[in-house]
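# Architecture at a glance
The chain contents come next:
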Amino acid sequence: ETGVTQTPRHLVMGMTNKKSLKCEQHLGHNAMYWYKQSAKKPLELMFVYSLEERVENNSVPSRFSPECPNSSHLFLHLHTLQPEDSALYLCASSQKGQANSPLHFGNGTRLTVT
Amino acid sequence: RKEVEQDPGPFNVPEGATVAFNCTYSNSASQSFFWYRQDCRKEPKLLMSVYSSGNEDGRFTAQLNRASQYISLLIRDSKLSDSATYLCVVNRVTGGGNKLTFGTGTQLKVEL
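Residues numbered from 1 in each chain as written. Chains lettered and ligands numbered in written order. Predicted model: local features only at pLDDT ≥ 70, side-chain atom pairs only at ≥ 80, totals over all residues. Heavy atoms only, no water.

### Things to note about the overall build of chain A
- Along the backbone of chain A there are zero helices and eleven strands.
- Ordered by position in the sequence, the α and β elements of chain A form the string β-β-β-β-β-β-β-β-β-β-β.
- Expected size for 114 residues packed as a compact globule is a radius of gyration near 13 Å; at 13 Å, chain A falls within 12% of this value.
- Its C-alpha atoms give chain A principal-axis dimensions of about 40 × 30 × 30 Å.
- Counting all 114 residues of chain A, 49% fall into the buried class. (Helix = DSSP H or I, 4+ residues; strand = E, 2+ residues; numbered from the N terminus. Rg over C-alpha atoms; globule rule 2.2 N^0.38 Å. Buried < 20%, exposed > 50% of the residue type's maximum accessible area, 1.4 Å probe, protein only.)

See the structure below:
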């Protein structure tokens, strides 16, 4: 298996549920990212992990909690979400510090909060 | 001012047409640049990097003007399969790693 894989592809959850999104990369990269894409808006960077250390947290509400146990895996734990959190959540990886290293995206989790 | 600005379109063009997309960025410290393509309800995929001297990949040509902080993408001989949203992406390397900023995208519809 190659590239960046995300599970699940689709997720419907109620506002009181707790769920987790999973991302795995097989590219040997050392930086991983969570992005949110809402309709008609640009991709919004949520979190960046570099060498398993969180280096960026873009004022994301605490109901989103990332976890990076190693350089190949990234999780986004969700709890007590709001309907406006419904969006496409994209994981990506790249090589830290290399300016010409593009992001490689997973196929995303389409989240619906009811 | 947005850090990366693109005309959202849509651009509706006939098959075989040549179409050009423009992008401007505000941070002069930006170091590298990319064009991504995103199909409806799919993840963005790298189309091409943009190099200072300009670069070509088949029907696609990318140009960079650092002085004007401007990037362009030219698509020649458009195909129906080129219909997608094209995202301009600007990168800065910071202490924490790569900071990539995405434009809102330009939608292209190629028609018969």
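What follows continues from the structure just given.
### Overview of the packing of aromatic side chains
- Scanning the model with the defined rule gives eleven aromatic pairs over all chains in all.
- Chaining the aromatic ring pairs together yields one cluster made of Tyr33, Tyr35 and Phe105 of chain A together with Phe34, Tyr36 and Phe102 of chain B. (Phe/Tyr/Trp six-rings, centres within 6.5 Å; stacked < 30°, edge-to-face > 60°.)

### Comments concerning the sheet that holds strand β7 (residues 60-65) of chain B
Residues and elements named next belong to chain B.
- Strands sit in the order β1-β3-β8-β7-β6 across an open sheet of five strands; the sheet is antiparallel. With partners counted over all chains shown, the strands left at the sheet margins are β1 (4-6) and β6 (55-57), one partner each. The average undirected angle you get between the axes of adjacent strands in this sheet is 20°.
- For β7 and strand β8 (residues 70-75), the ladder comprises six bridges, and the chain directions are antiparallel. (Pairing = 2+ DSSP bridges. Axes fitted to C-alpha atoms, helices over the stretch in contact; angles between N-to-C directions.)

### Examining the interface of chain B and chain A
- Contacts between the two partners involve 22 residues from chain B, matched on the other side by 24 residues from chain A.
- Both sides of the chain B and chain A interface together cover about 1900 Å² of buried area, and 55% of this is carbon and sulfur.
- Contributions of two or more residues to the side of chain B that touches chain A are made by β4 (32-38), β9 (84-94) and β10 (97-102) of chain B.
- By residue number, the principal contributor to the side of chain B that touches chain A is β10 of chain B, which donates five residues.
- The residue makeup of the side of chain B that touches chain A, split by class, is eight nonpolar, ten polar and four charged. (Contact = heavy atoms within 4.5 Å. Buried area = accessible area lost by both parts, 1.4 Å probe. Nonpolar A, V, L, I, M, F, W, Y, C, P; charged D, E, K, R; others polar.)

### Some points on the environment of Asp77 of chain B
Residue and element names in this part refer to chain B.
- Mapped onto the elements, Asp77 comes out in the loop between β8 and β9.
- Taking C-alpha positions, Asp77 is 5.7 Å from Thr18, a pair spaced 59 residues apart along the chain.
- Discounting residues that sit within four places of it in the chain, Asp77 has contacts with Gly16, Ala17, Thr18, Arg59 and Asp82.

### Points about the pattern of salt bridges
Residue and element names in this part refer to chain B.
- Applying the stated criterion across every chain yields a total of five salt bridges over all chains.
- A salt bridge links Arg59 to Asp82, with the shortest nitrogen-to-oxygen separation between them at 2.8 Å. Taken together, the positions of Arg59 in the loop between β6 and β7 and Asp82 in the loop between β8 and β9 put the pair 23 residues apart, joining distant regions of the chain.
- A salt bridge links Lys79 to Asp77; the nearest nitrogen and oxygen atoms lie 2.9 Å apart. (Salt bridge = Lys/Arg side-chain N within 4 Å of Asp/Glu carboxyl O.)

### Some remarks on the confidence of the model for chain A
- In this model, chain A carries a mean pLDDT of 90, and residues with pLDDT of at least 70 account for 98%.
- Across chain A, the element-wise mean pLDDT spans from 74 in strand β6 (residues 53-57) of chain A up to 97 in strand β3 (residues 18-25) of chain A. (pLDDT = per-residue confidence, 0-100.)

### Observations concerning the pairing of strand β9 (residues 87-94) of chain A
Residues and elements named next belong to chain A.
- Buried residues dominate β9, accounting for eight of its eight residues.
- As judged from the seven bridges shared by strand β4 (residues 31-37) and β9, these two strands associate in the antiparallel manner. The residue bridging Tyr33 from the neighbouring strand is Ala92, located in β9.
- Pairing between β9 and strand β11 (residues 109-113): three bridges, direction antiparallel. In the strand pairing of β11, Leu88 is matched with Arg110.

### Describing the state of the cysteines
Residue and element names in this part refer to chain A.
- One pass over the full model with this rule turns up two disulfides over all chains.
- Its sulfur unpaired, Cys68 is 9.1 Å from the next cysteine sulfur, which belongs to Cys91.
- Judged by relative accessible area, which is 11%, Cys68 ranks as buried. (Disulfide = S-S within 2.5 Å.)

### Description of unusual backbone geometry
- Each neighbour pair has its own omega, and for Thr7 of chain A with Pro8 of chain A the value is -10°, a cis peptide bond.
- Omega for the peptide link from Gly9 of chain B to Pro10 of chain B comes to 10°, which places this bond in the cis form.
- Within the fold, Pro10 of chain B resides in the loop between β1 and β2 (11-14).
- Within the chain, Thr80 of chain A stands out as a residue other than glycine whose phi angle is a positive 45°.
- Relative to the elements of secondary structure, Thr80 of chain A occurs in the loop between β8 (73-79) and β9.
- Positive phi values are uncommon outside glycine, yet Asp77 of chain B reaches one of about 50°.

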